Amino acid sequence: MKKGKKLYEGKAKIIYATNDKNLVIQYFKDDATAFNNQKKTTIEGKGVLNNRISEYILSNLSQIGIKNHLVKRLNMREQVIKLVEIIPIEFIVRNIATGSITKRLGIEDGTVLREPLIEYCLKNDKLGDPLISEEHILAFEWASKTEIDKIKKLILRINDFMIGMFRGVGIKLIDFKLEFGRIKIDGKNEVILADEISPDTCRLWDSVTDKKLDKDRFRQDLGDLIPAYTEVAKRLGILHEQSNVSAVNVTKLSSVKIKKK
Ligand code: TMP
């Protein structure tokens, strides 16, 4: 497969064309941003960990029949994905209230929600990804009713699966963000899961200590982001237990032993 020109550069990833018009390459950068780009830095090794963790989660979701854009991981930072037309909505799923919802609605941090709560944000950096309702989505035709109904069902299945997967390794899935895209499969229009699922896009707390193992370490200046992401990868069985990725030694990350599938 030949890597072609850059098609799109986002805050944490770059998309390149390939010689197959239906496939693109997704490159994971080390850039970290928060609060819609107001805060940014580069954290060496983050892209490598997110590439591996996202590959692991998306391939597990495939195995339970949740179609997604992942074709295969190419190397430490890149994966081949199916080209989709991204639906311009960020789907936020919350199991425990923390982050923006606590400030927006005055909900106490850590409140356990009776049922998973789905929120919609318009994917528009200039507007700061504003919260929208399902009525806005339908009124402005960002997605159809059929698509939204299908996505909601998928989200609940993804949430159930991920809660169980993380619970099994001593991690609580607090909340996360998903994106979906349109694609033609065998001449039929379908909606599939896209983007990434990683500690950049999820809130993950240690089950016993509530230690944050996600991008809140950067958002809240807690430090030690790489050790936290490495801990997630190790618990999921992606990295060998003995791999020792420290914040000061992340340049060596690409030589960390990766467990072959
Ligand atoms: P929030 O509490 O800041 O609204 O974030 C909810 C979840 O969504 C959290 O797991 C982080 C994730 N998220 C993203 O992945 N990208 C974003 O742009 C935002 C705002 C949140």
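Procedures and definitions
Within any chain, residue numbers begin from 1 and follow the written order of that chain's sequence. Two thresholds apply to this predicted model, a pLDDT of at least 70 for residue-level local features and 80 or more for giving and counting side-chain atom pairs, whereas whole-chain, interface and lining totals are computed over all residues. Derived side-chain values reflect all non-hydrogen atoms in the structure, with water molecules and hydrogen atoms excluded from consideration. In short, DSSP must find at least two bridges between two strands for them to pair. Labels follow the DSSP assignment, with helices taken as runs of H or I lasting at least four residues and strands as runs of E lasting at least two, numbered in each case from the N terminus. Where helices are involved, their axes are fitted lines through C-alpha atoms of the stretch in contact, as for all axes, and angles between N-to-C directions lie from 0 to 180°. Neighbouring residues are identified by heavy atoms, a residue being near a molecule or strand if any of them is within 4 Å of it. The term polar contact refers here to a pair of N or O atoms within 3.5 Å; inside protein, the definition further demands a hydrogen-donor-capable atom paired with an acceptor-capable atom, and it admits residues adjacent in sequence only when both atoms are side-chain atoms. Here the accessible surface of atoms and residues is derived via Shrake-Rupley with a 1.4 Å probe, and residues count as covered only by protein chains that are part of the display. All residues other than Ala, Val, Leu, Ile, Met, Phe, Trp, Tyr, Cys, Pro, Asp, Glu, Lys and Arg, Gly among them, are scored as polar; the first ten of these are nonpolar and the last four charged. For Phe, Tyr and Trp, where Trp contributes only its six-membered ring, two rings pair if their centres lie within 6.5 Å, and the inter-plane angle classes them as stacked under 30 degrees, edge-to-face over 60, or tilted in between. In this scheme, the term charge over a ring applies when either NZ of a lysine or CZ of an arginine sits within 6 Å of the ring centre and within 35 degrees of the ring normal. To estimate how far a helix should reach, multiply one less than its number of residues by 1.5 Å. In this scheme, a residue with accessible area under 20% of its type's maximum is buried, one over 50% is exposed, and one in between is partly exposed, where area comes from a 1.4 Å probe on protein chains only. Any carboxyl oxygen of Asp or Glu within 4 Å of a side-chain nitrogen of Lys or Arg constitutes a salt bridge here.

Caption draft 1: Layout of the sheet that holds strand S6 (residues 70-73). Overall, antiparallel pairing links the five strands, which are arranged S1-S2-S3-S7-S6 in an open sheet. Each of the sheet's edge strands pairs with one partner strand only, and the pair in question is strand S1 (3-9) and S6. Within the sheet, the average angular offset between the axes of one strand and its neighbour, ignoring direction, is 30 degrees. Of the pairings in the sheet, the one linking S6 to strand S7 (residues 78-82) comprises three bridges and is antiparallel in character. By the bridge assignment for S7, Arg73 is matched with Gln79.

Caption draft 2: How the structure looks around the site of the ligand. Of all residues adjacent to the ligand, which total 15 residues, the nearest are Arg94, Ser100, Asp175, Lys177 and Arg203. The side chain of Glu90 places a nitrogen or oxygen atom 3.3 Å from an oxygen atom of the ligand. Within the contact set of the ligand, an oxygen atom lies 2.6 Å away from a side-chain nitrogen or oxygen of Asp175. For the ligand, whose unbound accessible area comes to 450 Å², protein coverage reaches 79%. Mapped by element, the contributors of at least two residues to the shell around the ligand are strand S9 (89-96), strand S12 (171-185) and strand S14 (202-206). Within the shell around the ligand, the residues separate by chemical class into three nonpolar, four polar and eight charged.

Caption draft 3: Structural context of the packing of aromatic side chains. Within this structure, the stated rule accounts for three aromatic pairs. Their ring planes at 40 degrees and their centres at 5.2 Å tell us that Phe140 and Trp142 sit as a pair that is tilted. Through a chain of ring-to-ring contacts, the aromatic side chains of Phe91, Tyr120 and Phe180 assemble into a single cluster. Seen from the ring of Tyr16, Lys3 lies directly overhead, with NZ or CZ sitting 4.2 Å from the centre.

Caption draft 4: Expanded view of helix H4 (residues 145-167). For H4, built from 23 residues, the straight-helix expectation of 33 Å at 1.5 Å per residue is met to within 8% by its first-to-last C-alpha distance of 33 Å. For H4, the full list of buried residues reads Glu147, Ile148, Ile151, Leu154, Ile155, Ile158, Asn159, Met162, Met165 and Phe166.

Caption draft 5: Here's a closer look at the pattern of salt bridges. Across all of its chains, the model carries 31 salt bridges by this definition. Between Lys13 and Asp195 there is a salt bridge, and its shortest N-O distance comes to 2.9 Å. Separated by 182 residues along the polypeptide, Lys13 in strand S2 (residues 13-18) and Asp195 in the loop between strand S13 (188-194) and S14 bring together distant segments of the chain. One exposure class covers both Lys13 and Asp195, and it is buried. Its salt-bridge partner being Glu85, residue Arg182 comes within 3.1 Å of it at the nearest N-O pair. In this pair, Arg182 is assigned in strand S12 and Glu85 in strand S8 (residues 85-86), connecting sequence segments 97 residues apart. By sharing partners, the salt bridges in this structure join Arg94, Arg104, Glu119, Asp175, Arg203, Asp216 and Arg219 into a single network.

Nothing here speaks to function; it is geometry throughout.
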